[in-house]
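Next come the chains, spelled out residue by residue.
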Amino acid sequence: MAASSPRNPPPLPGADNQDPLSEMADEDSDEGEDIFVGNSNPVAESFQTDTANGEEPADLFSEEEISTTVNSSITTTKSNGVHSDNENDLFAEASVELSMENPSTIARENPTTTAKTSGAEFTPSRTQTQPKSIEQLEEDKDEDSFDMDVAVTNPEKIGDGMNAYIAYKVSTRTTLPMFKNRTFSVWRRFSDFLGLYEKLSVKHSLNGCIIPPPPEKSIVGMTKVKVGKEDSSSADFVETRRAALERYLQRVVCHPSLLQDPDVREFLERDELPRAVGTHTLSGAGFLKMINRASDAVSKMTVKISDSDAWFDNKLQEVESEELQLRKLHAVVESLVNHRKELCGNTAVFAKSMAMLGNSEDNTALSRALSQLAEVEDKMETLHQEQAASDFFILAELLADYIRLLGAVRGCFEQRMKTWQRWQEAQSTLQKKREVEAKLLWANKPDKLQQAKEEITEWEGKVTQYERDFDRISVTVRKEFLRFEKEKSKDFKSQIVKYLESLLQSQQRLVKFWEAFLPEAKAIG
Amino acid sequence: VRSCVEPQIEEDYQAVNVDLQTDATLQVDISDALSERDKVKFTVHTKSTLPNFKQNEFSVVRQHEEFIWLHDSFVENEEYAGYIIPPAPPRPDFDASREKLQKLGEGEGSMTKEEFTKMKQELEAEYLAIFKKTVAMHEVFLCRVAAHPVLRKDMNFHVFLEYNQDLSVRGKNKREKMEDFFKNVVKSADGVLVAGVKDVDDFFEHEKTFLLEYHNRVKDASSKSDRMIRSHKSAADDINRIASTLYTLGTQDSTDVCKFFLKVSELFEKTRKIEARVAADEDLKLADLLKYYLRESQAAKDLLYRRGRALVDYENANKALDKARAKNKDVLQAETSQQVCCQKFEKISESAKQELIDFKTRRVAAFRKNLVELAELELKHAKGNLQLLQSCVGVLKGDT
């Protein structure tokens with residue numbers, strides 16, 4: 001596998017020296033993906049040179065910048081996602097490859113690292129980027145200008161009875177060359193989305209990636225649809241799910257590494273997807289729970305590993321308290337949605353009774369005014385209904401998404417702890433082996449000694465590897481977390497502003513309604 | 001809780017009935033009120049140039065039961081059969097509010113200090129609002145009586161206003177309440193019978209049909225408006241909690257997004273107050289208006305019933321007279337009886353007509369005033385909300 005073709009990041013649109021290796025080799029899919037993919041023109045240019053030299057440009061495209069104190073050779077510059085930041089000082093080779101499995105990949109990394117170090121063009125940037133701090137990382141402008149649009153539309157009920165399901169149209173519009181076409185669409189069902197999540201989880205969650213979770217399964221909701229209940233609640237359910245699936249996909253393709261995953265491409269492109277099995281028993285949440293349960297014991301550990309670990313501890317605490325608040329907020333927003341729906345119903349009923357009263361009233365002008373009032377109340381009903389929809393689709397669902405995402409983030413941190421624990425255990429095993437060896441030396445048993453020495457070597461190797469794994473996952477988790485924070489900040493801001501704008505429009509319409517009514521009221525008498 | 005009756009509410013209730021407080025010979029108001037554990041004490045203040053009062057200005061303390069006593073004395077007085085008796089004020093009901101305050105106290109542990117203080121303030125404001133309303137409703141009753149050309153001269157009314165001792169009007173005991181209950185049953189059964197009698201007079205026949213339908217529809221509208229306003233208040237409460245939670249989220253850090261949360265929290269605090277005001281104004285201008293006219297239309301129906309009853313009595317007396325004349329037995333007695341019934345009926349009819357016309361005038365005026373004010377307030381609040389939202393969105397967008 002060492003010689004397998006490298007993972008090439010999709011070059012920028014318009015970059016004229018397209019790397020010939022733009023076709024991702026699918027055999028790499030089972031290897032740890034290089035998540036530090038990014039591209040900027042300077043990188044592309046310099047890497048063109050490398051390819052020319054027949055070197056493996058491979059997993060060295062990283063523009064992530066995370067100053068780690070763990071390993072000085074692991075310095076990566078910042079970038080975000082698939083597209084460039086236009087700063088020129090932002091590239092260095094990535095030395096962190098996220099494969100965990102075999103030492104051979106690590107071995108692969110080393111020679112290329114050293115080879116790269118000699119690259120003159122890199123050195124200045126390396127020294128430049130080294131001192132760049134986390135804070136700067138957070139402040140750097142994040143141009144998430146993706147040339148990638150996915151939409152989930154046209155839910156259609158296929159089949160009848162209990163075997164029926166909803167098929168959704170997944171449409172992609174992109175200029176990324178890794179796709180066969182610019183615009184294409186496929187039909188997918190809910191279990192396909194869950195299947196995608198599971199595949200991604202299996203591959204990436206152990207690396208510390210934050211995998212966006214899909215929406216929850218809902219037996220009640222789906223049964224209604226299957227049974228053919230044609231009412232507003234099942235229509236709402238389908239719409240809620242469609243929107244949630246769309247957001248889920250959008251998050252997946254926003255993630256620079258996940259986008260590279262061939263499963264994602266297959267999901268978006270391939271006409272017929274093999275039926276995802278096991279998802280009928282295992283939903284996205286269930287899978288996550290499974291991972292989390294395994295690392296639950298680990299998360300209880302409060303041992304501080306190193307100085308930089310305080311960062312992780314703090315962030316985890318922040319995540320936990322934020323999740324708590326979001327849950328609270330979500331509950332209140334749901335209450336608001338319900339009260340608004342109630343208000344909507346009560347307003348409609350009141351409008352009718354007002355109309356009746358207007359009919360009874362024998363003073364003509366008053367009768368007319370009362371009827372007009374009834375009409376205003378009728379319009380308010382529509383307003384309340386739309387507002388309740390806004391409350392739900394913009395606000396409540398945003399909160400629900402982030403509650404799920406924060407769960408995924410926690411899982412990520414727990415993965416890291418699990419890795420740390422493995423390293424620690426290896427170290428203690430190694431220690432034990434050494435003790436055994438010492439005893440054997442003293443007892444003078446040469447044959448067993450040989451075995452002991454072999455075991456020591458083996459475990460020394462493991463310790464080294466696990467340590468590296470831990471360092472790697474720490475870097476990844478940190479990077480992922482910062483990326484997540486940025487996205488979250490953007491998401492919340494944009495969605496809340498959207499929500500406020502919907503409130504604004506409601507008030508504007510309200511003003512119109514009452515302005516129209518006022519002269520009618522004044523005309524009584 | 002003491003209340004100096006908020007002039008605004010007072011005005012609103014006065015305006016439900018126009019032409020009040022214009023007469024210097026007798027002016028009545030409730031200048032103060034005190035809420036004790038399970039009763040409210042109203043300070044009834046009178047200013048009068050009438051000679052029958054000992055002083056020109058004086059105050060007494062009255063409780064709800066005494067108002068009811070006064071109202072009932074009007075109803076039971078045959079002389080007033082031909083008038084719309086101003087409806088009795090509803091009993092002060094703080095139960096719901098007290099319950100909420102109690103629940104809040106119990107749930108104190110589960111919320112932050114800020115939340116608790118906020119909710120407590122909310123509930124206290126609600127309590128105060130209910131208190132003010134009940135004061136206003138009692139005042140309106142007195143003012144209506146004082147404005148009525150005949151009722152204002154009533155002896156019981158003067159005693160009510162002037163006698164500075166306890167009127168010893170105990171609330172009705174169980175037996176009396178049962179008696180009342182049966183009386184009402186009989187009355188409504190009778191009412192149905194009486195209503196079934198077709199009236200020769202077109203005016204009254206029309207009024208009968210009209211009032212019956214109107215009363216039912218006002219009742220319906222009143223209960224539906226209550227429900228609607230309750231939902232509105234609940235939604236405003238939710239926005240309050242959203243504001244609090246956003247505030248907590250915003251204070252956890254000083255990142256960009258946290259500052260954002262704080263701004264939005266502040267916005268929601270303000271819009272929530274406006275929403276609560278909208279609900280309160282709808283309550284005052286719409287729900288209370290409907291409730292009042294529910295009671296007044298009932299009083300008008302009662303008048304029609306009394307007249308109908310008198311008509312039936314009159315017609316029966318006529319029949320009895322004919323019968324007596326035919327048998328030539330007890331003719332004088334029958335004649336006297338018939339005359340009495342006739343006079344009673346005609347007296348009621350005469351005043352009833354005027355009363356019903358006045359009722360219409362009052363109703364139209366009250367609806368006009370309240371609907372105009374409702375529209376103006378709704379507009380004001382919507383514009384206020386709009387401005388808040390516009391400026392906040394502007395700031396937030398500018399920051400991003």
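Residues numbered from 1 in each chain as written. Chains lettered and ligands numbered in written order. Predicted model: local features only at pLDDT ≥ 70, side-chain atom pairs only at ≥ 80, totals over all residues. Heavy atoms only, no water.

Participant: How should the overall build of chain A be read in this particular structure?
Facilitator: Within chain A one finds 13 helices and seven strands. Looking at chain A as a whole, 55% of its 525 residues qualify as buried. Counted over contacts in chain A with a minimum sequence separation of 6, partners at least 24 positions apart contribute 75%. Only carbon and sulfur atoms are counted for the fraction: they give 52% of the accessible area of chain A, which is about 22900 Å². (Helix = DSSP H or I, 4+ residues; strand = E, 2+ residues; numbered from the N terminus. Buried < 20%, exposed > 50% of the residue type's maximum accessible area, 1.4 Å probe, protein only. Contact = heavy atoms within 4.5 Å. Areas by Shrake-Rupley, 256 points an atom, 1.4 Å probe, with all protein chains shown as cover.)

Participant: Explain the overall build of chain B here, please?
Facilitator: Across its full length, chain B holds nine helices and three strands. Reading chain B from its N end, one meets helices and strands in the order α-β-β-β-α-α-α-α-α-α-α-α. Against the globule reference of 21 Å for 400 residues, chain B gives a C-alpha radius of gyration of 27 Å, more extended than a compact globule. With respect to the three principal axes, the spread of C-alpha positions in chain B is 105 × 45 × 40 Å. The buried share of chain B, taken over its 400 residues, is 49%. Residue pairs in contact within chain B that sit at least 24 positions apart in sequence constitute 75% of those at least 6 positions apart. In the form shown here, chain B has an accessible surface area of approximately 20100 Å², with 54% of it arising from carbon and sulfur atoms. Each charge class in chain B can be summarised by its mean position, and for the 64 positive and 69 negative side chains these summaries are 2 Å apart. (Rg over C-alpha atoms; globule rule 2.2 N^0.38 Å. Lys, Arg positive; Asp, Glu negative; His and termini not counted. Charge placed at Lys NZ, Arg CZ, Asp CG, Glu CD.)

Participant: Can you walk me through unusual backbone geometry in this structure?
Facilitator: As a rule of thumb, non-glycine residues mostly have phi less than zero, and peptide bonds are mostly trans rather than cis. Residue and element names in this part refer to chain B. Positive phi is not limited to glycine here, since Asn328 has a value of about 55°. Take Asn328: it is sitting in the loop between α8 (256-327) and α9 (331-399). In this structure, Asp330 takes a positive phi of about 55° despite not being glycine. By secondary structure assignment, the location of Asp330 is in the loop between α8 and α9.

Participant: Can you walk me through the pairing of strand β7 (residues 183-189) of chain A in this structure?
Facilitator: Residues and elements named next belong to chain A. With burial as the criterion, only one face of β7 is covered, namely that bearing Phe184, Val186 and Arg188; the residues Thr183, Ser185, Trp187 and Arg189 on the opposite face remain uncovered. Bridge count between strand β6 (residues 165-174) and β7: seven bridges; the pairing is antiparallel. Its bridge partner lying in β7, Tyr168 is registered against Arg188. (Pairing = 2+ DSSP bridges.)

Participant: I would appreciate a short explanation of the domain arrangement of chain A in the present structure.
Facilitator: The extent of an interface is frequently quoted as the accessible surface area lost upon association of the parts. Residue and element names in this part refer to chain A. Along its sequence, chain A is carved into domain 1 (145-273) and domain 2 (310-524). Here the C-alpha centre of domain 2 lies 19 Å away from the C-alpha centre of domain 1. Listed by partner, the interface residues are 20 residues for domain 1 and 20 residues for domain 2. Contact between domain 1 and domain 2 buries roughly 1800 Å² in total, counting both sides, with carbon and sulfur atoms accounting for 55%. The interface formed by domain 1 and domain 2 contains five salt bridges. Across the pair Arg247 and Glu397 runs a salt bridge, and its minimum N-O distance is 3.3 Å. Where domain 1 touches domain 2, the interface holds seven residue pairs in polar contact (both at pLDDT 80 or more). A total of six residues in the side of domain 1 that touches domain 2 trace back to one element, the largest contributor, which is helix α7 (residues 232-254). Here the side of domain 1 that touches domain 2 is built from residues that sort into eleven nonpolar, five polar and four charged. (Domains from an automatic or database assignment. Buried area = accessible area lost by both parts, 1.4 Å probe. Salt bridge = Lys/Arg side-chain N within 4 Å of Asp/Glu carboxyl O. Polar contact = N/O pair within 3.5 Å; in protein donor to acceptor, adjacent residues only side chain to side chain. Nonpolar A, V, L, I, M, F, W, Y, C, P; charged D, E, K, R; others polar.)

Participant: What exactly am I supposed to notice about the interface of chain B and chain A here?
Facilitator: Counting residues at the interface gives 61 residues for chain B and 54 residues for chain A. Carbon and sulfur atoms make up 73% of the surface buried where chain B meets chain A, a total of about 5200 Å² over both sides. At the boundary of chain B and chain A, one finds six salt bridges. Its salt-bridge partner being Asp362 of chain A, residue Lys360 of chain B comes within 2.7 Å of it at the nearest N-O pair. Scanning the region where chain B abuts chain A turns up 19 residue pairs in polar contact (both at pLDDT 80 or more). Secondary-structure elements contributing two or more residues to the side of chain B that touches chain A are α7 (202-250), α8 and α9 of chain B. Counting residues per element, the side of chain B that touches chain A draws most heavily on α7 of chain B, which supplies 24 residues.

Participant: Explanation requested: the nonpolar core in the structure shown.
Facilitator: Note that soluble globular proteins tend to have their nonpolar side chains buried in a common cluster. Ranked by internal contacts, the top residues of the largest apolar core, which has 65 residues, are Phe492, Ile496 and Leu500 of chain A together with Phe268 of chain B. For Phe268 of chain B, the residues in contact, after removing those within four places along its chain, are Tyr499, Leu500 and Leu503 of chain A together with Ile239, Ile242, Ala243 and Leu246 of chain B. Leu343 of chain A together with Tyr214, Leu286 and Leu304 of chain B belong to the second-largest nonpolar core, a separate cluster that totals 60 residues. (Core = buried A, V, L, I, M, F, W, Y, C linked by side-chain atoms within 4.5 Å.)

Participant: Could you clarify how one ought to interpret the domain arrangement of chain B in this entry?
Facilitator: All names here are of chain B. Entries for chain B in the domain assignment read domain 1 (22-96 + 132-155) and domain 2 (192-197 + 209-399). One C-alpha centre belongs to domain 1, the other to domain 2; they are set 21 Å apart. Each partner contributes to the interface: domain 1 provides 16 residues, whereas domain 2 provides 19 residues. With both chains or domains summed, domain 1 and domain 2 bury close to 1400 Å², and 51% of this area falls on carbon and sulfur atoms. Interface area lost by domain 1 to domain 2 is led by Ile84, Pro87 and Lys133, which between them contribute 39%. The interface formed by domain 1 and domain 2 includes five salt bridges. In this structure, Lys347 and Glu79 form a salt bridge, with 3.3 Å as the shortest nitrogen-oxygen distance. On inspection of domain 1 and its partner domain 2, the count reaches twelve residue pairs in polar contact (both at pLDDT 80 or more). Taken together, the residues of the side of domain 1 that touches domain 2 break down into ten nonpolar, two polar and four charged.

Participant: So what exactly am I meant to see when it comes to a nonpolar patch on the surface here?
Facilitator: A cluster of nonpolar side chains, Met178, Phe181, Phe182 and Val185 of chain B, forms an exposed patch at the surface whose accessible area comes to about 400 Å². Note on placement: Val185 of chain B falls in helix α6 (residues 174-196). (Patch = residues over 30% accessible without salt bridge, like charges linked within 9 Å, V, L, I, M, F, W, Y side chains within 5 Å.)

Participant: I tried to follow the environment of Gly398 of chain B on my own but got confused; where do I start?
Facilitator: Counting through the fold element by element, Gly398 of chain B comes out in helix α9. Taking the C-alpha atoms as reference points, Gly398 of chain B and Glu282 of chain B, separated by 116 residues in sequence, lie 36 Å from one another.

Participant: What should I look at first to understand the sheet that holds strand β2 (residues 40-48) of chain B in this one?
Facilitator: Two strands in a sheet stick together by hydrogen bonds in their backbones, pointing the same way (parallel) or opposite ways (antiparallel). All names here are of chain B. The strand order across the open sheet formed by three strands is β1-β2-β3, and the pairing between neighbours is antiparallel. Two strands lie at the open edges of the sheet, namely β1 (26-35) and β3 (57-63), each paired on one side alone. Taken pair by pair, the neighbouring strands of this sheet meet at an average axis angle of 25°, ignoring direction. Pairing of β2 with β3 involves seven bridges; the strand directions are antiparallel. Bridge pairing in β3 links Phe42 to Arg62. Strands β1, β2 and β3 of the sheet are contacted by helix α2 (residues 64-76), whose axis makes an angle of about 100° with β3. Relative to β3, helix α5 (residues 155-162) is tilted by about 95°, and along the sheet it contacts β1, β2 and β3. (Axes fitted to C-alpha atoms, helices over the stretch in contact; angles between N-to-C directions.)

Participant: Is there a simple way to think about the packing of aromatic side chains in this case?
Facilitator: Centre-to-centre distance and the angle between the planes together describe a pair of aromatic rings. For the structure on display, the rule yields 32 aromatic pairs over all chains. On the numbers, 5.6 Å between centres and 90° between planes, the contact of Phe413 of chain A with Phe481 of chain A is edge-to-face. Note that Phe413 of chain A is positioned in helix α12 (residues 364-443) and Phe481 of chain A in helix α13 (residues 446-522), a separation of 68 residues in sequence. Assessed through its relative accessible area of 4%, Phe413 of chain A is described here as buried. By relative accessible area, which is 1% here, Phe481 of chain A ends up buried. When the centroid spacing of 5.3 Å and the interplanar angle of 25° are considered together, the rings of Phe210 of chain B and Tyr214 of chain B count as stacked. In this pair, Phe210 of chain B and Tyr214 of chain B are both assigned in helix α7, four residues apart and thus about one turn of the helix distant. We note that Phe210 of chain B, like Tyr214 of chain B, is buried. An aromatic cluster is present here, built from Trp311, Phe312, Tyr402, Phe413, Phe481, Phe484 and Phe492 of chain A together with Phe260 and Phe261 of chain B joined pairwise through their rings. Above the face of the Phe203 of chain B ring, Lys353 of chain B is positioned so that its terminal group lies 5.1 Å from the ring centre. (Phe/Tyr/Trp six-rings, centres within 6.5 Å; stacked < 30°, edge-to-face > 60°. Lys NZ or Arg CZ within 6 Å of the ring centre and 35° of its normal.)

Participant: How should I be thinking about the sheet that holds strand β5 (residues 148-158) of chain A in this particular structure?
Facilitator: Residues and elements named next belong to chain A. One open sheet accounts for three strands, arranged β5-β6-β7; its pairing is antiparallel. Since the sheet does not close on itself, it has two edges, and those belong to β5 and β7, each with one partner. Taking the axes of each pair of neighbouring strands and ignoring which way they run, one obtains an average angle of 20° across the sheet. Sheet analysis places β5 next to β6, joined by nine bridges and oriented antiparallel. Counterpart to Asp149 in the pairing with β6 is Arg173. Each of β5, β6 and β7 is contacted by helix α5 (residues 190-204), which is oriented at about 100° to β7, the strand it contacts most. Strands β5 and β6 of the sheet are contacted by α7, whose axis makes an angle of about 150° with β5.

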